[in-house]
Amino acid sequence: MKIAVVGAGLAGLSAAIALKEYANVVVFEKESVGGLASSYCRGYCIEKFYHHCFRGDAALLEMIRKLGLSSKLIWKVAKIGYAIGGKIYPLNTPFEILRYPHMSLADKARLAIFTIRSRKRDYTKADNVGVVDGIRNELGERLLNNFFMPLLKAKFGESYSEVSYAWLLARVSIRSNRKYSGEELGYLRHGFHQLVERMRERVEIRSKAAKIEKSAGWVVNGERFDAVVYTAPLPLLDEKIRRAAGIPDVKYQSSVCALIGAKESVTEDLYWTNVDSCIFGAIIEHTHFMPFEDYGEHLIYLASYSSPSGWLFNAGSNELKRLYLKDVARFGLKGKDVNWIEIFKARYSGPIYEKGYLNKITPYKTALKGFYIAGMTSKPNYPERSMNGSIKAGMEVAEVIKSDLGLV
Ligand SMILES: Cc1cc2nc3c(=O)[nH]c(=O)nc-3n(C[C@H](O)[C@H](O)[C@H](O)COP(=O)(O)OP(=O)(O)OC[C@H]3O[C@@H](n4cnc5c(N)ncnc54)[C@H](O)[C@@H]3O)c2cc1C
């Protein structure tokens, strides 16, 4: 039995590891093994896009354990803040939240009740309600404009208004279990590239799947397979196969991230600062989460989202470096303190959870015999695509294939 896995992101790698005991598995990868979770190395390795994990990420934590990396896992409360008009407000303790001047006490109370209630709500009923209308109707114009709108724009770029209210309710519900002092986040000390490396050692990887064809079974780059597991972004799938497989047309967003190595940090001690009115929507200071000594310099991400056709995604790297450095200088990071800056882009960095998205979540088994889908549009990746979601999707699709092909 021969199985082709298209894409060596975490979904593809975990599907391949789960299947290789039962079949001859070949993984095809077009760019970087690890996909969106791949790293940039320069004496040390750091993820191209900021990454952390959560206590509830069972599939990811189990993979880390199985690959002998548990001792590297560090849990810390990461401090967060909000920057408005260039001024940074820490928002971690109830006291800091109460002191925050850009929201009335009544709105703070309304937000707290909304957050607590969201845990018990059936969000699916709001899948056809737009996020802007949903917030306006339930929480009012002020909370919409002063609190949610900058966050939505930072998260979805210009596509924010297409997002469904169900997504917001589901997202608030999973993220609302915070401790008094903030939420604990996890990280593999010295980088998630160690996880990717250990996964890649266990599978056979070839270059891009340039051609996928249906014949008696499947043919990838001229080689015959009994089944294909497609884990790459859906817009890259041949349109004829997508339609025949009954896979919906999912809209994606793009990510643009500047990563800076610097002599100084931007905030005093915050890991994550949401920012209004800048080219980036968040400043993520990795070295306020992991020890500075691991890198010998501060590592700062400036994160933005765009549509694949948006100007931000399509702007040149030099122009972007200039614009990101200009905006971060408003927070005091001067040019002389910047050791280096890199721009990382991902055209398909996650689905837009638009109205009606719940019907677009892709089942593992498609209408085409022997053609399976797993990855960012699979169920474990709703309401937030994540390393955990993709590993879980990879493991789950492997179970479906094993049962379909009688491999158990
Ligand atoms: C900015 C950003 C921040 C993030 N932060 C976090 C975080 O803090 N915590 C967290 O858990 N998750 C985070 N994520 C999400 C996480 O990285 C992804 O959800 C996960 O890595 C996706 O894995 P995947 O295998 O499903 O998809 P991908 O990583 O997209 O893998 C798909 C792979 O398919 C390859 N491919 C495409 N076409 C072909 C082809 N024709 N042939 C062969 N290969 C092909 C691609 O090159 C890619 O490597 C973040 C993502 C981004 C963009």
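Details of the structure are given in the entry above.
Residues numbered from 1 in each chain as written. Predicted model: local features only at pLDDT ≥ 70, side-chain atom pairs only at ≥ 80, totals over all residues. Heavy atoms only, no water.

Peer 1: Explain the pattern of salt bridges here, please?
Peer 2: Oppositely charged side chains are able to pair whenever their charged atoms sit close together. Counting across every chain of the model gives 28 salt bridges. The closest approach of N and O atoms between K211 and E213, which form a salt bridge, is 4.0 Å. E213 sits in the partly exposed class, given a relative accessible area of 32%. A salt bridge links E239 to R243, with the nearest nitrogen and oxygen atoms 3.0 Å apart. Taken together, the residues span about one helical turn, with E239 and R243 both in helix 9 (residues 239-244) at a distance of 4 residues. Salt bridges sharing partners connect three or more residues here, namely K2, E204, R206 and E223. (Salt bridge = Lys/Arg side-chain N within 4 Å of Asp/Glu carboxyl O. Buried < 20%, exposed > 50% of the residue type's maximum accessible area, 1.4 Å probe, protein only. Helix = DSSP H or I, 4+ residues; strand = E, 2+ residues; numbered from the N terminus.)

Peer 1: I'm lost on the sheet that holds strand 18 (residues 338-351) in this one. Help?
Peer 2: Within a sheet, neighbouring strands are paired by backbone hydrogen bonds and run either parallel or antiparallel to one another. Pairing is mixed across the open sheet formed by 7 strands, whose spatial order is 7-6-15-16-17-14-18. If you trace the sheet from one side to the other, it starts and ends with strand 7 (87-90) and strand 18, each paired once. Within this sheet the neighbouring strands show an average axis-to-axis angle of 20°, counted without direction. As paired elements, strand 15 (residues 272-275) and strand 16 (residues 282-285) share 3 bridges and run antiparallel to each other. Bridge pairing in strand 16 links W272 to I284. Helix 11 (residues 317-329) contacts strand 14 (252-262), strand 17 (298-306) and strand 18 of the sheet and is inclined by roughly 110° relative to strand 18. (Pairing = 2+ DSSP bridges. Axes fitted to C-alpha atoms, helices over the stretch in contact; angles between N-to-C directions. Contact = heavy atoms within 4.5 Å.)

Peer 1: Which parts of the structure should I look at to understand the nonpolar core?
Peer 2: Burial of nonpolar side chains together is a common tendency in soluble globular proteins. Judged by nonpolar contacts, the single largest core of 66 residues is most densely connected at I3, I46, L195, M199 and V397. The element that contributes the greatest number of residues to this core is helix 1 (residues 10-19), accounting for 7 residues. Residues from two domains meet in this core; each of domain 1 (2-37 + 192-248 + 359-404) and domain 2 (68-92 + 181-190 + 252-351) gives at least three. Setting aside its immediate chain neighbours within four residues, I3 contacts L19, A23, N24, V25, V26, F225, A227, V229, I401, L405 and L407. The next biggest cluster of nonpolar side chains, apart from the first, holds 57 residues, and it includes L111, I135, F156 and A245. (Core = buried A, V, L, I, M, F, W, Y, C linked by side-chain atoms within 4.5 Å. Domains from an automatic or database assignment.)

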